[in-house]
Amino acid sequence: MMKFDLLVFDWDGTLMDSEARIVASMSAAFADLGLQPPPPAQARDVIGLGLEQAIRRLWPESAPTQRLDLIQRYRHHFLEANDTPTPLFEQAAEVVTELHAAGYLLAVATGKSRRGLDSALRQTGLDAVFHATRCADETFSKPHPQMLLELLDELGTDAGRCLMIGDTEYDLQMARNAGVAALGVSYGVHAPERLLALEPLGCLSAIAELPQWLGQGARPEHPSSVTGALEVASA
């Protein structure tokens, strides 16, 4: 069993069940601009990408100013107007809290905006659990490896000691591009066969399975050195 010091989680579709609000907010944003909303399946398929990249796929002929307008409308609906519940998946909070206590470095790499992720972290009370986070409006969108490369650098971890956990092919492609091991989860946006085609180490049916999957042999080898790396990265 491979040993990991750093576990990087996708957010939407991996830790938080936000699909319904994302799809509804995207549909409302298109309608605000007098456009035909994309079919729900298409809106669902781009979850995990940064907003700019997602809109390019949904509206290929759009101009930069049009995409900016759509992004603003989407954020209005997702962060302010739409009240569709976005709960954490069952036992997600307990799992990440347990892994934090076990000595792992924990991080988030997400297609959300910084404003959106910070709001979600406050809402769930998990802001103190993660040692570092990266959002698509701060760097390159998935599947570009930059989010993972920046997290590795910030937390002083080698790519071989990092595991990316996500529900979309974009997560697994990003991990592959960064030279990082990947683990899929089958309860999110993309079907298991899409994930398995990218040859992750496994594919979990529930986030609650993660601690057992990691196993005793995959716990941080030197928890004290992990803490030391964090102190250096935070200095």
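Anything mentioned here points back to the structure above.
Residues numbered from 1 in each chain as written. Predicted model: local features only at pLDDT ≥ 70, side-chain atom pairs only at ≥ 80, totals over all residues. Heavy atoms only, no water.

**Student:** Can you help me understand the pattern of salt bridges in this one?
**Tutor:** Between side chains of opposite charge, a pair can form as their charged atoms come close. All told, the structure shown has 15 salt bridges when counted by the stated rule. Of the charged contacts, one joins Lys142 and Asp10 as a salt bridge, the two residues approaching to 2.8 Å between their closest N and O atoms. With Lys142 in the loop between strand E3 (132–135) and helix H7 (146–155) and Asp10 in the loop between strand E1 (6–9) and helix H1 (19–32), this residue pair connects regions lying 132 residues apart in the sequence. For the pair shown, Lys142 and Asp10 are each scored as buried. Across the salt bridge formed by Glu52 and Arg56, the nearest N and O atoms sit 3.2 Å from each other. Residue Glu52 and its partner Arg56 are located together in helix H3 (residues 51–58), separated by four residues, close to a single helical turn. Judged by its relative accessible area of 25%, Glu52 falls in the partly exposed class. (Salt bridge = Lys/Arg side-chain N within 4 Å of Asp/Glu carboxyl O. Helix = DSSP H or I, 4+ residues; strand = E, 2+ residues; numbered from the N terminus. Buried < 20%, exposed > 50% of the residue type's maximum accessible area, 1.4 Å probe, protein only.)

**Student:** I would appreciate a short explanation of the packing of aromatic side chains in the present structure.
**Tutor:** Aromatic ring pairs are described here by two measures, namely the spacing of the ring centres and the angle between the planes. This model, assessed by the stated rule, comprises five aromatic pairs. For the pair Phe9 and Phe130, a centre-to-centre distance of 6.3 Å together with 75 degrees between the ring planes defines the contact as edge-to-face. Here Phe9 is found in strand E1, whereas its partner Phe130 is found in the loop between helix H6 (114–124) and E3, with 121 residues between them in sequence. The exposure classification of Phe9 matches that of Phe130, with both residues buried. For the pair Tyr74 and Phe78, a centre-to-centre distance of 5.9 Å together with 15 degrees between the ring planes defines the contact as stacked. Residue Tyr74 and its partner Phe78 are both found in helix H4 (residues 64–81); the two are separated by four residues, about one turn of the helix. With a relative accessible area of 9%, Tyr74 lands in the buried category. Above the plane of the ring of Phe78 lies Arg21, whose end atom (NZ or CZ) is 5.3 Å from the centre. (Phe/Tyr/Trp six-rings, centres within 6.5 Å; stacked < 30°, edge-to-face > 60°. Lys NZ or Arg CZ within 6 Å of the ring centre and 35° of its normal.)

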